[in-house]
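# Topology and contacts: notes
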Amino acid sequence: MSEHIRPDRRETIERNLWAAPAMFVAVSWALFQKGDASSASTVAWIIYSAGWIAALGLLGRSAGQRRNPGVGAVFAFGLLVVMGVLFWANHG
């Protein structure tokens, strides 16, 4: 019988923080779709930029503890870079 091993609290929090940029990107995308209003665009860029905070914080923490940040970092930074380029190309 296989036993399901539950992740500890720290690991669960880290996984959620690595996924957090997806929410910021989604909100930014919705604001960019709202229209060409410069205020909506400015707020969208601010929210998109805030998405980098958790990812950079976790990367710094991983470096400080000399741990591999793992797949979460690839997801977070990959999403932020790709969507940032697309946002810039369409709304920059």
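Procedures and definitions
Residues numbered from 1 in each chain as written. Predicted model: local features only at pLDDT ≥ 70, side-chain atom pairs only at ≥ 80, totals over all residues. Heavy atoms only, no water. Salt bridge = Lys/Arg side-chain N within 4 Å of Asp/Glu carboxyl O. Helix = DSSP H or I, 4+ residues; strand = E, 2+ residues; numbered from the N terminus. Buried < 20%, exposed > 50% of the residue type's maximum accessible area, 1.4 Å probe, protein only. Contact = heavy atoms within 4.5 Å. Axes fitted to C-alpha atoms, helices over the stretch in contact; angles between N-to-C directions. Parallel < 35°, antiparallel > 145°, perpendicular 65-115°, else oblique. Left-handed = near helix turned anticlockwise from the far one by under 90°. Nonpolar A, V, L, I, M, F, W, Y, C, P; charged D, E, K, R; others polar.

Another aspect to go through is the pattern of salt bridges. All chains considered together, the criterion is met by four salt bridges. The salt bridge involving E14 is made with R10; its shortest N-O contact spans 3.1 Å. Taken as a pair, E14 and R10 lie in helix α1 (residues 9–34) at a separation of four residues, close to a single helical turn. Residue classification places R10 among the partly exposed residues on the basis of a relative accessible area of 38%. One continuous salt-bridge network, built from bridges that share partners, spans R10, E14, R61 and R67.

On to the side chain of S62, then. With respect to the helices and strands, S62 occurs in helix α2 (residues 38–64). If we skip the residues at most four places from it in the chain, S62 touches W18, R67 and P69.

With that settled, the discussion passes to the packing of α2 against helix α3 (residues 71–91). At a minimum axis separation of 10 Å, α2 and α3 run at an interaxial angle of 160 degrees. It follows from the interaxial angle that α2 and α3 lie roughly antiparallel. The hand of the α2/α3 crossing is left-handed. Two secondary-structure elements touch here, α2 through S41, W45, Y48, G51, W52, A55, L56 and L59 and α3 through A76, F77, L80, V81, G84, F87, W88 and H91. Classifying every residue of the contact of α2 with α3 by side-chain character gives twelve nonpolar, four polar and no charged.

What is shown is where atoms sit, not what they do.
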